[in-house]
Amino acid sequence: MTTITSEQTYAPQPSWFARTENWLDEKGKGAWIAAMVLGFIFFWPVGLALLAYIIWSKRMFSGKSCARRGSRRMMTTRSTGNSAFDAYKADTLRRLEEEQHNFEAFLERLREAKDKAEFDQFMDERAKRNSGDAAEA
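Just so we're clear, the structure is a prediction, and the values are computed from it rather than from any experiment.

Definitions and cut-offs
- Residues numbered from 1 in each chain as written.
- Predicted model: local features only at pLDDT ≥ 70, side-chain atom pairs only at ≥ 80, totals over all residues.
- Heavy atoms only, no water.
- Phe/Tyr/Trp six-rings, centres within 6.5 Å; stacked < 30°, edge-to-face > 60°.
- Helix = DSSP H or I, 4+ residues; strand = E, 2+ residues; numbered from the N terminus.
- Expected span 1.5 Å × (residues − 1).
- Buried < 20%, exposed > 50% of the residue type's maximum accessible area, 1.4 Å probe, protein only.
- Arc of directions from axis to C-beta.
- Contact = heavy atoms within 4.5 Å.
- Axes fitted to C-alpha atoms, helices over the stretch in contact; angles between N-to-C directions.
- Parallel < 35°, antiparallel > 145°, perpendicular 65-115°, else oblique.
- Nonpolar A, V, L, I, M, F, W, Y, C, P; charged D, E, K, R; others polar.

Peer 1: Is there a simple way to explain the packing of aromatic side chains in this structure?
Peer 2: By convention here, two paired aromatic rings are described through the distance between centres and the angle between planes. Inspection of the entire model under this criterion finds 4 aromatic pairs. Between the aromatic rings of Phe 85 and Tyr 88, the centroid separation amounts to 6.4 Å while the plane-to-plane angle is 40°, which identifies the pairing as tilted. A residue pair is termed a helical-turn pair when its members lie 3 or 4 positions apart in one helix, as Phe 85 and Tyr 88 do in helix α5 (residues 83-136) at 3 residues. Three or more aromatic residues joined by ring pairs form one cluster here, namely Trp 32, Tyr 53 and Trp 56.

Peer 1: For this particular structure, what's the right way to read helix α3 (residues 44-56)?
Peer 2: Helix length check: α3 (13 residues) gives 18 Å between terminal C-alpha atoms against 18 Å at 1.5 Å per residue, within 8%. All of the buried residues in α3 are Gly 47, Leu 50, Tyr 53 and Ile 54. Buried residues along α3 cover an arc of 125° about the axis, so they all sit on one side. The outward face of α3, more than 90 degrees from its buried face, is lined by the exposed residues Trp 44, Ile 55 and Trp 56. Those residues of α3 hidden inside the fold are in contact with α1 (16-27) and α2 (29-42). Positive backbone phi, approximately 60°, marks Lys 58, located one or two places after α3.

Peer 1: Hey, could you run me through the packing of α2 against α3 in this one?
Peer 2: In a packed pair of helices, the relevant descriptors are the angle between the two axes and the axis-to-axis distance. Across the interface, α2 lies against α3 with an axial gap of 5 Å and an inter-helix angle of 150°. Considering the angle they form, α2 stands roughly antiparallel to α3. Counted together, Trp 32, Ala 35, Met 36, Gly 39, Phe 40 and Phe 42 of α2 and Trp 44, Val 46, Gly 47, Leu 48, Leu 50, Leu 51, Tyr 53 and Ile 54 of α3 form the full contact between these two elements. Of the residues belonging to the contact of α2 with α3, the class tally is 12 nonpolar, 2 polar and no charged.

The structure is reproduced here in C-alpha cells:
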C-alpha cells in the first residue's frame, strides 16, 4: 500500500502595503506620482509620506530612462572592432573631457572673482557706514 504524504508549504500572503507597492510598480512612475498627488489632496501627511518613500526607495530613478543612460556609458567604452575609429573616438573623448575640465575650472575662477567683487563691495559699504557714523559722533 502506498501512502501519499502531502507537505504543505506555508507561503505567507504579502501585506496590503506590499500588494499596493507591487501594483503601483506594475503601473509605473505615473501611478506613484498620481498616488502622491492624491495623498496631498486628501490628507497632506499621506502625500508627504509617499514623497519621502518614493525618494528614499529610489522609485523615480530605477526606470527605463535610467537604464538607457547606463547603456550609453557602456557604448562609449566598447570596442567597435575598427582600430582607427576606436583611436579617433578615444582621442575625441579625451579632448572633450579636457575641455570640460577646463570649462569647469573657468567657471570656478569666475565664481571666485564674483564672490571677491561682492565681498569687496560689502567691505567698502561697511567702511563708508563706519566712517559716516564716526563723523556724526
